[in-house]
Amino acid sequence: MEVSSFLKQIKFVVFYIIVLVLYVAQDSIQAYSIPSDACPNIVTKADWGGRNATGSTPLKVPVQYVVVHHTAMSRCFTPKACEAQVRVIQDFHQINRTWWDIGYNFLVGEDGRGYEGRGWKTIGAHARGFNSMSIGISIMGDFRKILPQKKALDVVRTIIQCAVETGIVMRNYTLVGHRQTNVPGYTECPGDTLLCEYITWPHWEPFQKSGTFKYPNECTSNKIEENHAKQLSTAPPIQNGSILTLITAALWFLFQ
């Protein structure tokens, strides 16, 4: 009995180690990729099921600014959910607000993919007064109190890198959050926690239209470290078939 009990305890330990490894590795297991070259694979409007724009104005490139946003709507963690969410945002912009198209040049999901909005060479509708001299990139979700998954931030970095390498954005570009492009208090976008992440990136500037930029309370070094810890501890629901297969195998091993 003692040997049997000991073996069972060992199996429990092994099982929990397997689950921990899967939890940490799930970003790489899920189906997404960021190419090693400058430009990421962007999900086209046709592929996510978007409608055509009802009008457009060409963007004169290269532009000086990259304006980063959050949508302040639902987060999404799988391709299916993110495609649906982009369609919801296009409906809101095109139907409710009667804009020509979805406002952002690109959107990013926590499935690790970028989504085409107005694209590389069309003026967006995301930051009044800056649309004609910027590209707008928005991560889908509300990031006032929490960071998006690292793979979403990686896609934003790669889109910016691509824009620079292809001449869409100037090499000495300026990175700003949406709230910096209007009077103080106009918007919370891209959310305090996400903005504090962007503040640590190259090319960010403490610019504030019609006022002085005020650093959010979330921007202390301790808070940024705490937010990174939360980012690691708040993973999305496990929805990938490969992960479920591995967990099933782990359970089979445990109860043999």
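Here the structure is shown first, and the text comes after it.
Residues numbered from 1 in each chain as written. Predicted model: local features only at pLDDT ≥ 70, side-chain atom pairs only at ≥ 80, totals over all residues. Heavy atoms only, no water.

## Thoughts on the overall build of the protein
Next, step 1: Within the protein, the regular secondary structure consists of seven helices and six strands.
Next, step 2: Element order for the protein, N to C, with α for helix and β for strand: α-β-α-β-α-β-β-β-α-β-α-α-α.
Next, step 3: Residue burial in the protein is summarised as follows: out of 256 residues, 45% are buried.
Next, step 4: Within the protein, residue pairs in contact and separated by at least 24 positions form 75% of the contacts whose partners lie at least 6 positions apart.
Next, step 5: Approximately 13100 Å² of the protein is accessible, and the part contributed by carbon and sulfur atoms is 58%. (Helix = DSSP H or I, 4+ residues; strand = E, 2+ residues; numbered from the N terminus. Buried < 20%, exposed > 50% of the residue type's maximum accessible area, 1.4 Å probe, protein only. Contact = heavy atoms within 4.5 Å. Areas by Shrake-Rupley, 256 points an atom, 1.4 Å probe, with all protein chains shown as cover.)

## Re the sheet that holds strand β1 (residues 42-43)
Next, step 1: In spatial order, the strands read β1-β4-β3-β5-β2-β6; together these six strands make up an open sheet with mixed pairing. Strand pairing shows two members of the sheet lacking a second neighbour, β1 and β6 (169-177), which therefore form its edges.
Next, step 2: For strand β3 (residues 106-108) and strand β5 (residues 134-139), the ladder comprises three bridges, and the chain directions are parallel. Note that in β5 the partner of L107 across the bridge is S138.
Next, step 3: Relative to strand β4 (residues 114-116), helix α3 (residues 79-96) is tilted by about 35°, and along the sheet it contacts β3 and β4. (Pairing = 2+ DSSP bridges. Axes fitted to C-alpha atoms, helices over the stretch in contact; angles between N-to-C directions.)

## With respect to the pattern of salt bridges
Side chains that differ in charge, positive against negative, can pair when their charged atoms come close.
Next, step 1: Following the criterion strictly, the structure yields 12 salt bridges and no others.
Next, step 2: One salt bridge connects R113 with D111, and the closest N-O pair in it is separated by 2.9 Å. Each member of the pair R113 and D111 is classed as buried.
Next, step 3: Residues E165 and R171 are paired through a salt bridge, measuring 3.5 Å at the closest nitrogen-oxygen approach.
Next, step 4: Connected through salt bridges with shared partners, the residues K150, D154, R157 and E197 form a single ionic network. (Salt bridge = Lys/Arg side-chain N within 4 Å of Asp/Glu carboxyl O.)

## Some thoughts on the packing of aromatic side chains
Each pair of aromatic rings is reported with the distance of its centres and the angle of its planes.
Next, step 1: In this structure the tally under the stated criterion is seven aromatic pairs.
Next, step 2: A centroid spacing of 5.1 Å and a plane angle of 80° characterise the contact between Y65 and F130, whose relative ring orientation is edge-to-face. Taken together, the residues Y65 in strand β2 (residues 63-70) and F130 in the loop between β4 and β5 connect sequence positions 65 residues apart. Grouping residues by exposure puts Y65 and F130 together as buried.
Next, step 3: Centroid distance F213 to Y215: 5.0 Å. Interplanar angle 85°. Geometry classified as edge-to-face.
Next, step 4: Every member of this aromatic cluster is reached through a ring pair, and the members are Y65, F130 and F207. (Phe/Tyr/Trp six-rings, centres within 6.5 Å; stacked < 30°, edge-to-face > 60°.)

## Here we look at α3
Think of an α-helix as 3.6 residues a turn; residues three or four steps apart then line up on the same face.
Next, step 1: For α3, built from 18 residues, the straight-helix expectation of 26 Å at 1.5 Å per residue is met to within 8% by its first-to-last C-alpha distance of 25 Å.
Next, step 2: The complete set of buried residues in α3 reads C82, E83, Q85, V86, I89, Q90, H93 and Q94. End-on view of α3: buried residues confined to an arc of 160°, all on one side of the axis. When the buried face of α3 is taken as reference, the exposed residues oriented beyond 90 degrees from it are K80, I95 and N96.
Next, step 3: Positive backbone phi, approximately 55°, marks T98, located one or two places after α3. (Expected span 1.5 Å × (residues − 1). Arc of directions from axis to C-beta.)

On their own, these measurements won't tell you what the molecule is for.
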